[in-house]
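Coordinate analysis (summary)
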Number of protein chains: 2
Amino acid sequence: MKTDKIFSTQPVKGTSDWLPEELKIRHYIFSVWRGICERYGFEEYLTPMLENAEIYRAKSGEDVGQKELMIFVDQGGRELALRPEMTPSVTRLISKVYATRPKPIRFFSIANFIRNEKPQRGRNREFWQLNCDIFGSTAPAADWEILRLALDIMLAFNPPEGSFILGLNDRRLLDGLLDLADLKESELRIKVIRILDKYSKLKKPDFIEMMQKAGAPDGAIDICLKFMSSSSVVELLDRLPALKDNIGLKAINDAIEALKLTRHDSYVKFRPDVIRGFDYYDGLVFEIFDCHPDNQRALFGGGRYNGLAGLFGAQSFPAIGFAPGDETTKLFLESWGLLDRLKTALNETAFLPLLDKDMETQTQILAHKLRQAGVNLEAGLEPLKVGKALEYANKRGFAKMIIFGADEQARGIYKVKNLLTGVEEESSLNNLSLKK
Amino acid sequence: MKTDKIFSTQPVKGTSDWLPEELKIRHYIFSVWRGICERYGFEEYLTPMLENAEIYRAKSGEDVGQKELMIFVDQGGRELALRPEMTPSVTRLISKVYATRPKPIRFFSIANFIRNEKPQRGRNREFWQLNCDIFGSTAPAADWEILRLALDIMLAFNPPEGSFILGLNDRRLLDGLLDLADLKESELRIKVIRILDKYSKLKKPDFIEMMQKAGAPDGAIDICLKFMSSSSVVELLDRLPALKDNIGLKAINDAIEALKLTRHDSYVKFRPDVIRGFDYYDGLVFEIFDCHPDNQRALFGGGRYNGLAGLFGAQSFPAIGFAPGDETTKLFLESWGLLDRLKTALNETAFLPLLDKDMETQTQILAHKLRQAGVNLEAGLEPLKVGKALEYANKRGFAKMIIFGADEQARGIYKVKNLLTGVEEESSLNNLSLKK
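Residues numbered from 1 in each chain as written. Chains lettered and ligands numbered in written order. Predicted model: local features only at pLDDT ≥ 70, side-chain atom pairs only at ≥ 80, totals over all residues. Heavy atoms only, no water.

Bringing unusual backbone geometry into the picture now. All names here are of chain A. Here the bond from Lys-103 into Pro-104 is cis, since omega is -5 degrees, no more than 30 degrees from zero. Topologically, Pro-104 is positioned in the loop between helix H4 (87-97) and strand E5 (105-114). Unlike most non-glycine residues, Asp-182 shows phi in positive territory, near 65 degrees. The residue Asp-182 is located in the loop between helix H6 (171-180) and helix H7 (186-197) in this model. For Arg-263, which is not a glycine, the phi torsion comes out positive at approximately 55 degrees. Examined against the element boundaries, Arg-263 turns out to sit in the loop between helix H11 (247-261) and strand E8 (268-270). (Helix = DSSP H or I, 4+ residues; strand = E, 2+ residues; numbered from the N terminus.)

Okay, here's the thing in structure tokens:
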């Protein structure tokens, strides 16, 4: 045992310690997520942080399911992996209970994940995610509910008007586009989808070059360009009228109409460049974008994936969901100044210093009685003069300090000092509720 | 990619899926833990689930820090481990910030841990733990606060009288015992401490045999037996009066006196067999025991450990703390029937079925308005007749169902049906708060 070595006090690269000041912010985000999910009747679940590695290898794609997977072998020789995402786990869980639970199943979870990837802004090795899904309904109303839920989660943070937008698309519309462009061969289609996914990050000549290299004829590239540069459904149909009866386009229009009913439509826009890389999406797809000039990025996304359950041999079931992360959400809130109030808020815990060693017994009793009356209270352990106690209380950011010395004890009272205003109020020792 | 294989829907052995019914119980436990910690002014922190493996190898002892450690190598060749306990991580964290934060530091966390051990009743591979510690105070009042906090955490679950007991001991009293027994050689002392730790699980002849084998003389064994079989401090001093001035015994007596002030003393008892195996304890130690005949076991324990910080090269700081686990707490609550009310509680989410396809638009609007008014509400996605809707609502355990069909719409009302009493009340569509 190398007990003589001195170890670093820093956390593992790509992970973070959360001191109370930071955890307060994360808990605020989590509580907003949880509150809105429960507002929609979603039920919270949790799966273990370990899964058999094979389920990620089979489903999570090359990066998440292979190189970024953290694997170890247990005492029984099994390969276990830390969960890098929730979809395979929740699909396993739903497969187990699907037959016996009333449908649809509305589930959410808030959990930590690990990816063995290079840390970068907005992406940590350990991160937390909300996962919301509806299983067992193909109704368009399920799509609309998921869109409203995603928007209400954003709105619950009280962001300013125009600070974010939900970009909406549909994989069936993309299929229609590929049909229209006469791209029939399935490997070519997959390649083209991947290039379309990168459209907004590419310059036009680079996009064209990539499409050509992939083997797309010029006519097809032209059609794809017309599609990708459309800024509205009207413009799209003006350019490519043959898509008019596409079922995906109808789903987009229906969703926007439905969102009008609840005044969510001003946050939603058709976006041809929202593709969502994963192969399993097969209907509506969406992404929420931060519109802040310093933080222009997709915050999170989601969509419909109706065919994952086969992996666990269960009855197939439809699914639609999305998953925002803690770090990108925090960056959004910071870019719009939405955490300022939380960061400067005073500590609502009251502070009861021990002002006199002889008062130790009485101070312990008062502390206990106040706690029993529901007051959150930090009690001093060692004697402190009032001045030092005030200094400590200010350093800790307390809103209130309780003054209880020999004099107060003799008079059967304690004082509550508001540390913001300096005002002191007296309370009888028989009256143990602290006023706001 | 082995996409054709069918995978098991079961979680990895020794881990559990928490469906909403189960997560509700865990969240109840966590919220009690969190609430009482905050009542005492403790602040919540969180560390990453990964640490450099070496810190556990150095500190966590043979089982937890070696065989049970789950280790893997990251892309940079570093050995990382899943945290099997919090003490090394929080010691690292405190070492990092000790110099700059006001003291004492009262910290707690609620986090998941992994040990690669054989699963057994009350011990899972993945488990959750509350960790509470006070850093930076050697005041006896810190010990008393930790004991009160541990007891109030138990009492917050409303257990019946006599359902648990806190056994109190002190490592300095054990040192006094070994001195009195004239066991001076340090390796022998460690061996004897380990045998004393097993005392309550051993028959007397086996205990004597183990002590003899370890090399303890008969006189020493006799003194240890007198100590271990004492059921009170009075009995102990009657048998071994030489321990009268022991500093550890004084700390035990002072703690019991202090706990009298807040009427916590009836839950506390001197227990000579509370040893706490870990080498780092050096003052008060305690364990809380379930007194239920079906579940007689230590629920959790803690104590004072004043010398761990050296590991991170920081200024040394005193510490005292404890750590209850989710699984043992749940077994305690179950053995005393304290979860029954929670398990049978109705779902407070309201259910608004879609009673008529033609009402879809109006139902979506009503759902949204009720949610905006603060009602947690599950809305039906597909049309259901009232009878089927009631069936579903009962299956889901809802307390309330909202009835809103064409008739109600025409009258400008909706009905709220209490599913327990069957009583229906009407509300105007302009009045959107659901009565309790």
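What follows concerns the side chain of Glu-408 of chain A. All names here are of chain A. Residue position: Glu-408 is located in helix H16 (residues 406-411). Note on Glu-408: relative accessible area 7%, which makes it buried. In this structure the side chain of Glu-408 is engaged in a polar contact, spanning 2.8 Å, whose partner is the backbone nitrogen of Gly-405. Dropping the residues within four chain positions of it, Glu-408 is found in contact with Ile-403, Ile-413, Tyr-414 and Lys-415. (Buried < 20%, exposed > 50% of the residue type's maximum accessible area, 1.4 Å probe, protein only. Polar contact = N/O pair within 3.5 Å; in protein donor to acceptor, adjacent residues only side chain to side chain. Contact = heavy atoms within 4.5 Å.)

This next bit is on the interface of chain A and chain B. Between chain A and chain B, the residue contacts involve 102 residues of the former and 104 residues of the latter. Taken over both partners, the interface formed by chain A and chain B buries close to 9000 Å², and the fraction arising from carbon and sulfur atoms is 59%. Of all residues in chain A, Phe-7, Arg-39 and Leu-381 of chain A bury the most surface against chain B, accounting for 8% of the area lost on that side. Run the count over chain A and chain B and you get 10 salt bridges. Summed over the shared surface of chain A and chain B, the number is 28 residue pairs in polar contact (both at pLDDT 80 or more). Considering every element that reaches the side of chain A that touches chain B, the biggest residue donor is helix H1 (residues 20-39) of chain A, with seven residues. Residue composition of the side of chain A that touches chain B, by class: 45 nonpolar, 25 polar and 32 charged. (Buried area = accessible area lost by both parts, 1.4 Å probe. Salt bridge = Lys/Arg side-chain N within 4 Å of Asp/Glu carboxyl O. Nonpolar A, V, L, I, M, F, W, Y, C, P; charged D, E, K, R; others polar.)

The geometry of two aromatic rings is summed up by the distance between their centres and the angle between their planes. All names here are of chain A. Throughout the structure, instances matching the rule amount to 39 aromatic pairs over all chains. The interplanar angle of 5 degrees and the centroid separation of 5.4 Å between the aromatic rings of Phe-351 and Phe-398 together place this pair among those described as stacked. Of this pair, Phe-351 sits in strand E12 (residues 347-354) while Phe-398 sits in strand E14 (residues 398-403), and the two are 47 residues apart along the sequence. Look at Phe-351 and you get buried, because its relative accessible area is 1%. By relative accessible area, Phe-398 is classed as buried at 2%. (Phe/Tyr/Trp six-rings, centres within 6.5 Å; stacked < 30°, edge-to-face > 60°.)

Where strand E15 (residues 413-418) of chain B and strand E16 (residues 424-428) of chain B come together, five bridges link them in antiparallel fashion. Bridge pairing links Ile-413 of chain B to Ser-428 of chain B in E16 of chain B. (Pairing = 2+ DSSP bridges.)

Our next topic: the sheet that holds strand E9 (residues 284-290) of chain A. All names here are of chain A. A sheet is described by the order of its strands in space; here eight strands give the open sequence E1-E5-E6-E11-E10-E9-E7-E8, paired in mixed fashion. Unpaired on one side and paired on the other, strand E1 (43-44) and E8 mark the two borders of the sheet. As paired elements, E1 and E5 share two bridges and run parallel to each other. Residue pairing in the sheet places Glu-43 in a bridge with Phe-107 of E5.

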